[in-house]
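Remarks on the overall topology
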Amino acid sequence: ACASTLSALHSASHAVRGGECADALPMAASLKLSPLPTIGASGAGMLSVDGRCKTLDARANGYARSEGVGALVLVEWVTHELLLQGSAVRQDGRSASLTAPNGSAQRVLLLAALGRAALPPPEVACVEAHGTGTALGDPTEAGALAAVHGARTAPLTVGATKANAGHTEAAS
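Residues numbered from 1 in each chain as written. Predicted model: local features only at pLDDT ≥ 70, side-chain atom pairs only at ≥ 80, totals over all residues. Heavy atoms only, no water.

**Some thoughts on the overall build of the protein chain**
For clarity, the cut-off: Every helix listed is a DSSP run of H or I at least four residues long, and every strand listed is a run of E at least two residues long, numbered separately from the N terminus. It is over C-alpha atoms that the radius of gyration is taken, and the globule rule equals 2.2 Å times the number of residues to the power 0.38. Should any heavy atoms of two residues lie within 4.5 Å, those residues are considered in contact. Here, Shrake-Rupley sampling with a 1.4 Å probe gives the accessible areas, and only protein chains in the shown set may cover a residue. Lys and Arg are tallied as positive, Asp and Glu as negative. Neither His nor the chain termini are counted. The atoms used to mark charge sites are NZ of Lys, CZ of Arg, CG of Asp and CD of Glu.
Scanning the protein chain from terminus to terminus reveals 5 helices and 6 strands. Traced from its N-terminal end to its C-terminal end, the protein chain shows the element sequence α-β-β-α-β-β-α-β-α-β-α. By the compact-globule yardstick of 16 Å for 172 residues, the protein chain fits well, its C-alpha radius of gyration being 17 Å. Considering only C-alpha atoms, the protein chain reaches an extent of 50 × 40 × 30 Å along its principal axes. In the protein chain, the proportion of contacts linking residues at least 24 apart, taken out of those at least 6 apart, comes to 75%. Here the protein chain displays about 10,100 Å² of accessible surface, and carbon together with sulfur accounts for 61% of that area. When the 12 basic and 13 acidic side-chain charges of the protein chain are each reduced to a single mean position, those positions are 8 Å apart.

The structure is reproduced here in structure tokens:
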């Protein structure tokens with residue numbers, strides 16, 4: 001659900017970097033055509049009561065569902081200065097529930113992406129966070145980022161599109 005575009009991006013970037021194709025266009029669309037998922041998410045207490053996703057904010061109280069399209073053009077760069085040098089996808093591991101993240105699994109995932117990119121953490125300039133806007137998810141994700149990227153001389157910019165556009169779920 002939340003990682004389908006990430007999975008497409010991960011596969012496409014590996015194909016471009018591995019020479020299987022010169023360019024790729026991973027993308028996904030998310031349309032809210034039925035009220036049932038919104039009713040279910042609301043009943044589970046996952047949605048923000050004021051309809052605003054306050055990612056990485058002490059006032060975080062859930063996410064806001066939205067529609068959208070996510071796409072990224074990947075092309076083979078002759079200079080090898082890639083915007084996306086590495087990626088990783090995995091299941092979050094055992095946790096207490098569907099909405100409870102696993103911090104140690106997130107750290108393993110971050111380290112795997114860095115390993116594939118052959119980058120030490122201090123060379124990463126920015127991270128697009130999952131940024132659920134929940135009191136449980138955001139601190140867990142921030143903790144994993146701090147554990148992996150904490151020892152730095154330059155700041156790490158952390159953003160989350162969900163804070164501005166809402167959670168497009170499949171197109172996140």
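After that view of the structure, there is still more to cover.
**Points about unusual backbone geometry**
Put simply, the rule is: Buried, partly exposed and exposed residues are distinguished by accessible area as a fraction of the type maximum, computed with a 1.4 Å probe on protein chains only: under 20%, between the cut-offs, and over 50%, respectively.
The residue L56 is not glycine, and still its phi comes out positive at about 55 degrees. Along the chain, the position of L56 falls in the loop between α2 (36–43) and β3 (68–71). The partly exposed category is assigned to L56, whose relative accessible area is 43%. Positioned with a positive phi, A118 is a non-glycine residue whose angle comes to about 55 degrees. Locating A118 in the fold gives a position in the loop between α3 (103–117) and β5 (126–128).

**Digging into a nonpolar patch on the surface**
Quick reminder of the rule: In this scheme, patches are assembled from residues that exceed 30% relative accessible area and form no salt bridge. Like charges are connected within 9 Å, while nonpolar side chains (Val, Leu, Ile, Met, Phe, Trp, Tyr) are connected within 5 Å. Only one rule defines a salt bridge in this text: a Lys or Arg side-chain nitrogen within 4 Å of an Asp or Glu carboxyl oxygen.
On the surface, L25, M27, V69, V73 and V75 cluster together into a nonpolar patch covering about 470 Å² of accessible area. By the secondary structure assignment, V69 is in strand β3. Residue classification places V69 among the exposed residues on the basis of a relative accessible area of 60%.

**Focus on the nonpolar core**
The condition that has to hold: Think of a nonpolar core as a cluster: buried Ala, Val, Leu, Ile, Met, Phe, Trp, Tyr and Cys residues, connected wherever their side-chain atoms sit within 4.5 Å.
If you look at the biggest cluster of nonpolar residues, it comprises 7 residues: L114, A117, L119, V124, V127, L145 and V148. Those elements that provide at least two residues to this core are α3 and α4 (137–149). Residues contacting L119, with those up to four places away along its chain left out, are Q85, L114 and V124. If you look at the next biggest cluster of nonpolar residues, it comprises 5 residues, including A12, V16, A24 and L74.

**Re the environment of V124**
Within the element layout of this structure, V124 appears in the loop between α3 and β5. What makes V124 buried here is its relative accessible area of 14%. Note: C-alpha distance between V124 and Q85 (39 residues apart in sequence) is 9.9 Å. With sequence-adjacent residues up to four places away left out, V124 is seen in contact with L114, L119, H149, R152 and L156.

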